[in-house]
Amino acid sequence: MSERARPYINPYLAGALLGIVLFLAFFITGTGLGASGGLNRLLVYGQNFVAPEHIDQVPYLLKMAGGNTNPLDSWIVYLTAGTFLGGVISGLYGRRMRVETNKGPRISHRTRWIMAFLGGILMGYGARLARGCTSGQALSGGAVLSVGSWAFMFAVFAGAYALAYFLRRFWN
Amino acid sequence: MTIFPLPLTELLGQYGAYFVYLLVGIAFGATLESAGFGNSKKLAAQFYFKDLTVFKVMFTAIIVAMTLIFLTSALGLLDYNLIWVPPTYLWPGIVGGLIMGVGFIVGGFCPGTSLVAMATGKVDGVFFVLGVLVGIFLFGETVSQFAVFFESSFMGRFTLPELFSVSYGTVVLAVVVIALMLFWGAEKVEAAVGGETARKAPRRALPAAGALTALAVAVLVLGQPSNADRWDMIAEEQGALLEQRMVQIEPAELLGLVHDSRIKTVMLDVREEAHYNLFHIHDARHASLRDLEAMSEKLMQEPGNTVFVTMSNDEQRATEAWKVLRAESLPNVYILEGGVNGWIRSFGDEHFVRDRYVMNRSADEPAFRFDLAIGARHPASEPVPHDEAEFTPKVKLELKRAPTGGGCG
């Protein structure tokens, strides 16, 4: 990767493009975008190998993988796989494919990794509790004017801003 | 008839539909990545007011998508009733959102952005995705401890225009205007806090903002289609079904449906309440014509194997009810042929049918006289099905087009 990475596109242009993608998703398929649902099903797929009896006893998991239901047999899995592929394509085009760790200047790589892992746990847990992540609830639900999605969106920003000050050492 | 959203599985088969979702995903991932969302530092900078890219991208996306959705709906191209609106579970959503906000500032990503971070080789993205999987796992293991809370404050498909009792167009225009003002503010904040990293405003910002506002005004002026408008869009096709009597099912077929364990039958009795009290079919719900449009939202949530049957004394009101429900895009709606009168004629005992027959009645009025309001306790209310009953079967289960799960299903 000797060539310099292309700059990110203007946020409003990116937003407009994302808006058009979101609109087309609704227009063509009737559902919005999402990410955590696909990861959820991927996880349940793995769990089903390790402990299938357990799946059959937990109602929440049963819905996705009970009996001979294949948890990967869902559109959201394909959407999630596509999101990953899209990232690869855009990363290649923008010459931004690089093994690296983005972090604040004052913390070590290892600290950043631990924080990313912990943040991921909270994100995953919260996303299932809220029945959707930033893509599925805030973005998709926001665009179709769902009351719950707007309340959710404000809660996400509130939670992040409330804690941002105390974590400034990690990012600045 | 509104064409969109497309019944993808019907058109392309299951894997064809999955391929479309894959393409949508690719477009989604590529846009996220090119906006800079694969970089956790850029994402976190949002919360230190240095770089408000997250806010700008998200809200631009929301207002663009929202305006296009309600514009195409106003033009009769897109059926809003068939679109997945995440149902509101208010408090689980807010608590989950707060937890996610904390996760966002701690971890630097949200699930979607961590995927593209991982895709472009970001190690912190990989750790984040692993964390998300652990978090989801923990949720699956603990949700039964607080199942009551998880299912609480359920408000169904509940939208901002319903909350504020204003039209969709009003909310669309208001959201667009508020977002544009916030963008203007965001530029000021970035210039003040971000210093040299702040970019200058894009050249075409004003015309673009103007164009979007104009579209939002168009949404407001056009208005969303009413039930009558929606019927007009499908009148030709659906009216033909009525005339060819493709949707009027005989009493024997209805009785068969009620006793078919693979089918959920929802019977909607749209007669006056007094008539319903005198006699109705066992398990039939009373519904007034006025309330049907509002009811249709709930009926839409019934499982895919549900058959709806409307009934009145004869067929007149039942047909009106059928039109209202079909206009709201409810699938698998039928009319009881001959109405409740026809039902009693089929299943009432000989003496009753002969002695209680009312001569000279007006249309869509009861044809049999009841002395007492016995509701569903009359023997004809719950007849025993017998296999030899002959009828022309008309019910064909239509694949449900309204999505049953949304973005994070």
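Rules behind the numbers
Residues numbered from 1 in each chain as written. Chains lettered and ligands numbered in written order. Predicted model: local features only at pLDDT ≥ 70, side-chain atom pairs only at ≥ 80, totals over all residues. Heavy atoms only, no water. Buried < 20%, exposed > 50% of the residue type's maximum accessible area, 1.4 Å probe, protein only. Helix = DSSP H or I, 4+ residues; strand = E, 2+ residues; numbered from the N terminus. Pairing = 2+ DSSP bridges. Right-handed = clockwise from strand over helix to strand, strands pointing away. Disulfide = S-S within 2.5 Å. Contact = heavy atoms within 4.5 Å. Domains from an automatic or database assignment. Buried area = accessible area lost by both parts, 1.4 Å probe. Salt bridge = Lys/Arg side-chain N within 4 Å of Asp/Glu carboxyl O. Polar contact = N/O pair within 3.5 Å; in protein donor to acceptor, adjacent residues only side chain to side chain. Nonpolar A, V, L, I, M, F, W, Y, C, P; charged D, E, K, R; others polar. Axes fitted to C-alpha atoms, helices over the stretch in contact; angles between N-to-C directions. Expected span 1.5 Å × (residues − 1). pLDDT = per-residue confidence, 0-100. Core = buried A, V, L, I, M, F, W, Y, C linked by side-chain atoms within 4.5 Å.

1. Things to note about the pairing of strand β6 (residues 306-311) of chain B
Residue and element names in this part refer to chain B.
Link 1 in the chain: Burial within β6 is extensive, with six of its six residues counted as buried.
Link 2 in the chain: Of the two faces of β6, the one lined by T306, F308 and T310 and the one lined by V307, V309 and M311 are each fully buried.
Link 3 in the chain: Note: strand β4 (residues 264-269) against β6, six bridges, orientation parallel. From the neighbouring strand, V266 faces β6, where its bridge partner is F308.
Link 4 in the chain: Across three bridges, β6 lies against strand β7 (residues 333-336) in parallel orientation. Directly across from V309, in β7, lies its bridge partner Y334.
Link 5 in the chain: Handedness of the crossover is the feature at issue here: the chain leaves β6, passes through helix α15 (residues 316-327), returns alongside β7, and the resulting connection is right-handed.

2. Considerations on the state of the cysteines
Link 1 in the chain: On inspection of all chains with the given rule, the structure shows zero disulfides over all chains.
Link 2 in the chain: Unpaired in terms of disulfides, C110 of chain B finds its nearest cysteine sulfur in C133 of chain A, a separation of 6.6 Å.

3. Re the side chain of T319 of chain B
Residue and element names in this part refer to chain B.
Link 1 in the chain: With respect to the element layout, T319 can be found in helix α15.
Link 2 in the chain: Accessibility expressed as a relative area gives 16% for T319, which makes it buried.
Link 3 in the chain: Those residues in contact with T319 that sit more than four places away from it in its chain are L242 and I335.

4. What to know about the domain arrangement of chain B
All names here are of chain B.
Link 1 in the chain: We note that the domain assignment places domain 1 (8-226) and domain 2 (228-381) within chain B.
Link 2 in the chain: For domain 1 versus domain 2, the separation of C-alpha centres amounts to 43 Å.
Link 3 in the chain: With eight residues of domain 1 at the interface, the matching set in domain 2 holds eight residues.
Link 4 in the chain: Summing both sides of the interface, domain 1 and domain 2 together bury roughly 810 Å²; the carbon and sulfur share of this comes to 43%.
Link 5 in the chain: Put simply, domain 1 and domain 2 have one salt bridge between them.
Link 6 in the chain: One salt bridge connects D79 with R230, and the closest N-O pair in it is separated by 2.6 Å.
Link 7 in the chain: In this assembly, domain 1 and domain 2 are joined by six residue pairs in polar contact (both at pLDDT 80 or more).

5. Some thoughts on the domain arrangement of chain A
One widely used convention gives an interface's size as the accessible area the parts lose upon coming together.
Residue and element names in this part refer to chain A.
Link 1 in the chain: Domain annotation of chain A identifies domain 1 (1-98) and domain 2 (104-172).
Link 2 in the chain: For domain 1 and domain 2, the distance between their C-alpha centres works out to 17 Å.
Link 3 in the chain: Across the boundary between the two partners, domain 1 contributes eleven residues, which contact ten residues of domain 2.
Link 4 in the chain: Summed over both sides, the interface of domain 1 with domain 2 buries roughly 720 Å², with 66% coming from carbon and sulfur.
Link 5 in the chain: Among the residues of domain 1 in contact with domain 2, L22, F26 and S36 are the three that bury the most area, contributing 49% of the side total.
Link 6 in the chain: Our enumeration of links across domain 1 and domain 2 arrives at zero salt bridges.
Link 7 in the chain: Counting the contacts that link domain 1 with domain 2 gives two residue pairs in polar contact (both at pLDDT 80 or more).
Link 8 in the chain: At the level of secondary structure, the elements contributing two or more residues to the side of domain 1 that touches domain 2 comprise α1 (11-29) and α2 (36-50).
Link 9 in the chain: By residue class, the composition of the side of domain 1 that touches domain 2 is six nonpolar, five polar and no charged.

6. Describing the sheet that holds β6 of chain B
Residues and elements named next belong to chain B.
Link 1 in the chain: Spatial strand order, β3-β7-β6-β4-β5: five strands in an open sheet with parallel pairing. Edge positions in the sheet fall to β3 (248-249) and β5 (285-286), since each has one partner strand and no second.
Link 2 in the chain: Packing of helix α14 (residues 292-299) onto the sheet brings it into contact with β4, β5 and β6, and relative to β4 it is tilted by some 170°.

7. Remarks on helix α6 (residues 123-142) of chain B
Within an α-helix, residues lying three or four positions from one another point in the same direction, as the helix has 3.6 residues per turn.
Link 1 in the chain: Here α6 of chain B spans 29 Å end to end across 20 residues, near enough to the 28 Å set by a 1.5 Å rise per residue.
Link 2 in the chain: Turning to α6 of chain B, its buried residues are V123, D124, G125, F128, V129, G131, V132, L133, G135, I136, F139 and G140 of chain B.

8. Describing the pairing of β4 of chain B
Remark: a regular strand shows side chains that alternate across the two faces of the sheet.
Residues and elements named next belong to chain B.
Link 1 in the chain: The buried fraction of β4 is high, at five of six residues.
Link 2 in the chain: The pairing of β4 with β5 spans two bridges and is classified as parallel. Within β5, the residue paired with L268 across the bridge is R285.

9. Looking at the confidence of the model for chain B
Parts of the prediction with low pLDDT should not have their coordinates interpreted in detail.
Link 1 in the chain: Of all residues in chain B, 95% have pLDDT values of 70 or greater, and the mean over the chain is 90.
Link 2 in the chain: Predicted complex metrics record ipTM = 0.94 and pTM = 0.90.

10. A look at the interface of chain B and chain A
Link 1 in the chain: Taken together, the 131 residues of chain B in the interface contact 116 residues of chain A.
Link 2 in the chain: Summed over the shared surface of chain B and chain A, the result is four salt bridges.
Link 3 in the chain: Here E151 of chain B and R131 of chain A are joined by a salt bridge, their closest N and O atoms 3.4 Å apart.
Link 4 in the chain: Applying the counting criterion to the chain B and chain A interface returns 40 residue pairs in polar contact (both at pLDDT 80 or more).
Link 5 in the chain: Class assignment of the residues belonging to the side of chain B that touches chain A gives a composition of 87 nonpolar, 33 polar and eleven charged.

11. Side note on the environment of L43 of chain A
Link 1 in the chain: Note on placement: L43 of chain A falls in helix α2.
Link 2 in the chain: Judged by its relative accessible area of 16%, L43 of chain A is buried.
Link 3 in the chain: Measuring from C-alpha to C-alpha, the distance between L43 of chain A and P71 of chain A comes to 9.0 Å, with 28 residues separating the pair along the chain.
Link 4 in the chain: Setting aside its immediate chain neighbours within four residues, L43 of chain A contacts L133, I136 and F137 of chain B.

12. Thoughts on the pattern of salt bridges
Opposite charge on two side chains lets them pair, provided their charged atoms get close.
Residues and elements named next belong to chain B.
Link 1 in the chain: With the rule as written, the count across this model stands at 18 salt bridges over all chains.
Link 2 in the chain: For R271, the salt bridge goes to D269, with nearest N and O atoms at 2.9 Å.
Link 3 in the chain: By relative accessible area, D269 is classed as buried at 0%.
Link 4 in the chain: For D355, the salt bridge is made with R354, and the minimal N-O distance between the two is 3.5 Å.
Link 5 in the chain: On the accessibility criterion, D355 (45% relative accessible area) is partly exposed.
Link 6 in the chain: What makes R354 exposed here is its relative accessible area of 53%.

13. Some thoughts on the nonpolar core
Link 1 in the chain: Core analysis: the biggest nonpolar cluster contains 101 residues, and L145 of chain A together with M66, I69, F70 and I105 of chain B have the highest contact counts within it.
Link 2 in the chain: Considering every element that reaches this core, the biggest residue donor is helix α3 (residues 53-74) of chain B, with 14 residues.
Link 3 in the chain: In this view, M66 of chain B contacts A143 and L145 of chain A together with V172, V175 and V176 of chain B; residues no more than four positions away in its chain are not counted.

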